[in-house]
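Residues per chain, in single letters:
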Amino acid sequence: MKIKIYTIFTILLYFSVIVKVYYINAFNIFRILCMALVFLFLIKQVKIFFMPKYRRINMILLVFLSIIVISSVYNDMNPYRGINFAIQILLVFLYFEFLSENNIIDKNLQLIKYLTLILCIISDAILIVTDRFYISSGGYYLIGNKFDLSYLHILVFILFLYFRRKNNSIDTIKCILMFILTIIIAIKVKCSTALVGTMIVLILNLMNKKVLQKIYNSKVAIVILLFAFSFFIIYNVILNNSFVQYIVKDVLNRDLSLTGRTRIYDEIIDIVDEKALLGYGYGNSYEILMKKIAAPNTQNGLMESIFNYGIFGAIMLVIIYHSVVKNNTNNTKIYPFLAYLYMLVLLSMIEITFELLFFVILAVINGSGFIGGNDEKVRRINKCDYTNI
């Protein structure tokens, strides 16, 4: 049995960035080891990242990651969190550029699809059979909290849509079954935002491609992001709408305070304003906000980014997001991932969605927009096999 070298490193990247397994005590050590191996592998591919087609996005990315690191070190609460976060983002972007240059993104997305599906099924089985692990781990399922679990199910649904062949009934059935499983799990773990998110990606993927070309436009992308960000200011206007009240109260079974979010929105601006330029450092929101206003985080995606690494960092995040969407407006093949990206942005109105998975999706879309290695490169990398495994 032969295993391609890029298969090995995709698995290593997967456990470095995409998924964290909670019921294994030594997983954090394993994750650091995976990150180190992927980093050493990418050093050998460094010429790719300075190629003209990747240079602009990589320079913007490096500025963004530098701000995250500077903010984390400057605040000196736990700089490891920010440095680790920056390294993970760097690795996933550079790795998908490597895959892009060698025309092997789809092969590796297939691998990611099956890895995530297997972990989701195992986590679902444990969830159904017993809640002992959930209770003993402090409210975590095998692959994370209810949001992690639900969003990874949606990711598998997106991957099935991405690989669905036109007029292939088997592929269509797989997509339907994954959609049903995603809805069931979101209901089971009581994640109403995941229910909304699943419907968002479904609706977007059912739309006509000509309509989607107008929606997946960089200007529209920015408008959606700014709307999601402004929710903490205009929520009163939105929640006064009778239709919105019906959805919140009768469909999602939530009160109009959005589980206490409106109180947080009323108090968060003054706190963020204290360190507006560089933020409080990535990963420190829980400790700080629990002390100040008894809240776990800002409950708004872009506001959380400003809290974590300041206005400068948030601006760079917006520029990266804008650039990636702009480069892929007409790339219809990648539309399922753009749907997932838009879902995360829309949910950022009331959730913290600009975390690692958000950057993984950006990296996938970014890499897909630059596919263009030659056949000789593909043959050369395919010869790097590990045999007798």
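Here is a short report on the structure shown in this document. (Residues numbered from 1 in each chain as written. Predicted model: local features only at pLDDT ≥ 70, side-chain atom pairs only at ≥ 80, totals over all residues. Heavy atoms only, no water.)

The next point concerns helix H16 (residues 301-326). The end-to-end C-alpha distance of H16 is 21 Å, clearly below the 38 Å that 26 residues give at a rise of 1.5 Å each. Of all the bends found along H16, the most pronounced is centred on Tyr309 and spans about 125°. Taking burial as the measure, the 26 residues of H16 include 20 buried ones, the bulk of the element. Its side-chain oxygen at 3.4 Å from the backbone nitrogen of Leu302, Asn300 defines the N-terminal cap of H16. (Helix = DSSP H or I, 4+ residues; strand = E, 2+ residues; numbered from the N terminus. Expected span 1.5 Å × (residues − 1). Bend = angle between axes of the 7 residues up to and from the residue. Buried < 20%, exposed > 50% of the residue type's maximum accessible area, 1.4 Å probe, protein only. Polar contact = N/O pair within 3.5 Å; in protein donor to acceptor, adjacent residues only side chain to side chain.)

Right, let's get into unusual backbone geometry. Although it is not a glycine, Asn167 sits at a positive phi angle of roughly 65°. Residue position: Asn167 is located in the loop between helix H8 (146-162) and helix H9 (169-188). Phi at Ala294 is positive, roughly 55°, even though this residue is not glycine.

Here we take up the packing of H8 against H9. Where H8 meets H9, the axes come as close as 9 Å, and the angle between the chain directions of the two elements is 170°. Accordingly, the angle class assigned to the pair H8 and H9 is roughly antiparallel. For the pair H8 and H9, contact is made by Leu149, Ser150, His153, Ile154, Val156, Phe157, Phe160 and Leu161 and by Lys174, Cys175, Met178, Phe179, Leu181, Thr182, Ile185 and Ala186, respectively. Split into classes, the residues belonging to the contact of H8 with H9 amount to 12 nonpolar, 3 polar and 1 charged. (Axes fitted to C-alpha atoms, helices over the stretch in contact; angles between N-to-C directions. Parallel < 35°, antiparallel > 145°, perpendicular 65-115°, else oblique. Contact = heavy atoms within 4.5 Å. Nonpolar A, V, L, I, M, F, W, Y, C, P; charged D, E, K, R; others polar.)

Our focus in this paragraph is the pattern of salt bridges. Applying the stated criterion across every chain yields a total of 7 salt bridges. Note that Glu101 and Lys53 form a salt bridge whose closest N and O atoms lie 2.9 Å from each other. Taken together, the residues Glu101 in helix H5 (residues 79-101) and Lys53 in helix H4 (residues 52-75) connect sequence positions 48 residues apart. A salt bridge links Arg261 to Glu351, with the shortest nitrogen-to-oxygen separation between them at 2.5 Å. With Arg261 in helix H14 (residues 261-274) and Glu351 in the loop between helix H17 (335-347) and helix H18 (356-368), this residue pair connects regions lying 90 residues apart in the sequence. With relative accessibility at 11%, the residue Arg261 sits in the buried group. (Salt bridge = Lys/Arg side-chain N within 4 Å of Asp/Glu carboxyl O.)

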